[in-house]
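A closer look at the structure
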Amino acid sequence: MSDNPKKPIISPNLPSKSRFMVELLLAWIIARLPWFGVPFKWLESYFHEISHAIATVISGGSVANIQLFLNGAGFCFSQGGNVILIGLAGYLGAALWGGLLFYLATWMQGIRLYFGLIAGLVFYSMLLWARDPLTIIILSMLCILFCLPLKFHQNTILVSLLRVIALVVVVNAINSPTALLGITGQGDADILAANSMIPSYFWVALWWVSSLFVLYLCWLRIRPNNIKRNK
């Protein structure tokens, strides 16, 4: 038996603690920029609406179409299904998708396959539910973005950008539900409140805490201090 234990395989895509903090700060800045941050908002909006759509289909409803707008807003037009599950899925799903993107961007062995699958999901949902030219254009751009790791998965700049994009999705998932507190009679929180007898601020708090927990899971993906990246 060898006296030297095998060293654990550490993905070179894992960020250091300092790099993670820089990428998180950059994501926070991008999420708050009024114009430059809008294209990044499309990501959170798409994952929000596709989560509504998936929850609708799973609970027995049908989706008519998904619509995305230039300002980062979006709608999922559906019929039937479980209202609670559908309403809950939007903001919760966006945070989970952001966390998944970050995990995949730090997973060297799986980045090509699974980003390809996400690109396939975007393309498939575009064929199924995109009806207007703007939504088709936005989804086409997202599809191209998720196809980039298929070719440039070893490019450190692209991998870092993918991590920032994932963190932007998570940060937007944290920020977006809080805006519902000033809106009365509309929005997912009020829909859930009307159908569950549970106040809207409970659902906002649930989404907020869930998104923070996803961000914490991203933090757990940093590179250990005693592991140096091979150049």
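Scroll up to find the structure this text is about.
Here's a quick rundown of the structure. (Residues numbered from 1 in each chain as written. Predicted model: local features only at pLDDT ≥ 70, side-chain atom pairs only at ≥ 80, totals over all residues. Heavy atoms only, no water.)

On to the overall build of the protein, then. Broken down by element type, the protein carries eight helices and two strands. Each helix (α) and strand (β) of the protein, taken in turn from the N terminus, gives the series α-α-β-β-α-α-α-α-α-α. Across the protein, the fraction of contacts at a sequence separation of at least 24, relative to all contacts at a separation of at least 6, is 73%. By element, 67% of the accessible surface of the protein is carried by carbon and sulfur atoms, the whole surface being about 12700 Å². (Helix = DSSP H or I, 4+ residues; strand = E, 2+ residues; numbered from the N terminus. Contact = heavy atoms within 4.5 Å. Areas by Shrake-Rupley, 256 points an atom, 1.4 Å probe, with all protein chains shown as cover.)

What follows is about the nonpolar core. Formed by 54 residues in total, the largest nonpolar core has its most connected members in Phe47 and Phe146. Counting only elements with at least two residues in this core, the list comes to helix H1 (17-32), helix H2 (38-58), strand E1 (62-68), helix H3 (83-105), helix H4 (111-129), helix H5 (133-152), helix H6 (156-178) and helix H8 (200-219). The element that contributes the greatest number of residues to this core is H6, accounting for 13 residues. The next biggest cluster of nonpolar side chains, apart from the first, holds six residues, and it includes Ala189, Trp203, Val204 and Trp207. (Core = buried A, V, L, I, M, F, W, Y, C linked by side-chain atoms within 4.5 Å. Buried < 20%, exposed > 50% of the residue type's maximum accessible area, 1.4 Å probe, protein only.)

Right, let's talk about H3 for a bit. Taking 1.5 Å per residue as the helical rise, H3 with its 23 residues ought to reach 33 Å, and the 33 Å between its terminal C-alpha atoms agrees with that figure. Alanine 89 marks the point of greatest bend in H3, at about 40°. The distance from a side-chain oxygen at the start of H3 to the backbone nitrogen of isoleucine 84 is 3.1 Å, and the residue carrying that oxygen is asparagine 82. (Expected span 1.5 Å × (residues − 1). Bend = angle between axes of the 7 residues up to and from the residue. Polar contact = N/O pair within 3.5 Å; in protein donor to acceptor, adjacent residues only side chain to side chain.)

One pass over the full model with this rule turns up two salt bridges. For lysine 41, the salt bridge is made with glutamate 44, and the minimal N-O distance between the two is 3.0 Å. Of this pair, lysine 41 and glutamate 44 both sit in helix H2, three residues apart, which is roughly one turn of that helix. By relative accessible area, glutamate 44 is classed as buried at 3%. (Salt bridge = Lys/Arg side-chain N within 4 Å of Asp/Glu carboxyl O.)

Running from N to C, H3 and H8 point in directions that differ by 15°, and their axes come no closer than 9 Å. Relative to H8, H3 is oriented roughly parallel. For the pair H3 and H8, the crossing hand works out as right-handed. Taking contact as the criterion, the partners of Ile84, Gly87, Leu88, Tyr91, Leu92, Ala95, Leu96, Gly99 and Phe102 in H3 are, on H8, Trp203, Leu206, Trp207, Ser210, Ser211, Val214 and Cys218. (Axes fitted to C-alpha atoms, helices over the stretch in contact; angles between N-to-C directions. Parallel < 35°, antiparallel > 145°, perpendicular 65-115°, else oblique. Left-handed = near helix turned anticlockwise from the far one by under 90°.)

Moving on, we come to the pairing of strand E2 (residues 74-79). Direction of pairing for E1 relative to E2: antiparallel, over a ladder of six bridges. From the neighbouring strand, glutamine 67 faces E2, where its bridge partner is phenylalanine 75. Count of turn residues in the E1/E2 antiparallel hairpin: five residues, of which glycine 72 carries a positive phi of about 95°. (Pairing = 2+ DSSP bridges.)

For the rest of this paragraph, the subject is the environment of leucine 192. Tracing the backbone shows leucine 192 in helix H7 (residues 188-196). For the pair leucine 192 and isoleucine 84, spaced 108 residues apart in sequence, the C-alpha separation works out to 5.9 Å. Beyond its immediate sequence surroundings of up to four residues, leucine 192 is in contact with Val83, Ile84, Gly87, Leu88, Met197, Trp203 and Trp207.

As a further point, take the side chain of glutamate 23. By secondary structure assignment, the location of glutamate 23 is in helix H1. On the accessibility criterion, glutamate 23 (3% relative accessible area) is buried. Excluding its chain neighbours within four sequence positions, the residues that come into contact with glutamate 23 are Pro15, Ser160, Arg163, Val164 and Leu167.

On to the packing of aromatic side chains, then. By the definition in use, this model includes 13 aromatic pairs. When the centroid spacing of 5.7 Å and the interplanar angle of 90° are considered together, the rings of phenylalanine 20 and phenylalanine 102 count as edge-to-face. One end of the pair, phenylalanine 20, is in helix H1; the other, phenylalanine 102, is in helix H3, with 82 residues separating them in the sequence. The exposure class assigned to phenylalanine 20 is buried, which follows from its relative accessible area of 2%. The interplanar angle of 20° and the centroid separation of 5.4 Å between the aromatic rings of tryptophan 107 and tyrosine 114 together place this pair among those described as stacked. Under the relative-accessibility criterion, tryptophan 107 is labelled partly exposed at 27%. A relative accessible area of 33% means that tyrosine 114 is categorised as partly exposed. (Phe/Tyr/Trp six-rings, centres within 6.5 Å; stacked < 30°, edge-to-face > 60°.)

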